[in-house]
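# Notes for the structure review
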Amino acid sequence: MVNERRRSAIGAAQLTAAQVAEQLGVDPKTAERWVTKGRVPHRAHRVAAANLLGVDEVYLWPSTRHDAKIVSAGQAELVTFYPTRTAVPVDLWRSLIRQATSNIDILVYAGLFFPESNDV
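Residues numbered from 1 in each chain as written. Predicted model: local features only at pLDDT ≥ 70, side-chain atom pairs only at ≥ 80, totals over all residues. Heavy atoms only, no water.

## A look at the layout of surface pockets
A probe matching the size of a water molecule, rolled over the atoms, marks out where space remains unfilled. Under the convention used in this document: Think of a 1 Å grid over the protein atoms and nothing else: a 1.4 Å probe that fits but is trapped marks a cavity, an open set flanked by protein within 12 Å on at least five of seven lines marks a pocket, and residues with an atom within 4 Å of a point count as lining. Grid points are joined across faces, edges and corners, and a volume is the space filled by probe spheres set on the points. Secondary structure elements follow DSSP: runs of H or I of four or more residues count as helices, runs of E of two or more count as strands, with numbering from the N terminus. Only Asp, Glu, Lys and Arg are considered charged in this grouping, and only Ala, Val, Leu, Ile, Met, Phe, Trp, Tyr, Cys and Pro are considered nonpolar; every other residue, Gly among them, is considered polar.
Estimated volume of the largest pocket: approximately 360 Å³. Contributing elements (two or more residues each) for the lining of the largest pocket: helix 7 (90–99) and helix 8 (113–118). Per-element accounting of the lining of the largest pocket gives the leading share, 3 residues, to helix 7. Per-class residue counts for the lining of the largest pocket are 12 nonpolar, no polar and 2 charged.

## A closer look at empty space enclosed by the protein
Taken as a whole, this structure holds 1 cavity of 30 Å³ or more when the rule is applied. What the largest cavity holds in volume is close to 50 Å³. Breaking the lining of the largest cavity down by element, the ones donating at least two residues are helix 1 (4–12), helix 2 (17–24), helix 3 (28–36) and helix 4 (43–53). If one sorts the elements of the lining of the largest cavity by residue count, helix 3 sits on top with 3 residues.

Shown next, in the form of structure tokens:
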């Protein structure tokens, strides 16, 4: 079963499966099996291949999206997930600000709401 996503990602990077194998330090037959046989490599090789090809690991190996070990590892650092900033309770923002001892680092797309609504 040929995996067209992997084949096209390799082609888009202007590489061959053998060149991918060489750069990742695996046997060329192994890299070819990732494309032709639908094999899923070990995590380190998946990540390295995705980085080399400039695509997301789950795009190349969609079956890893629902792997219980991978999902739990990806959520290990999350305490709670809020789908929108308005879903975060105002009191939570204020308590986080009060408890901070040195820095508050927040990654947001548009964060003007934060200082405007929290008197920061």
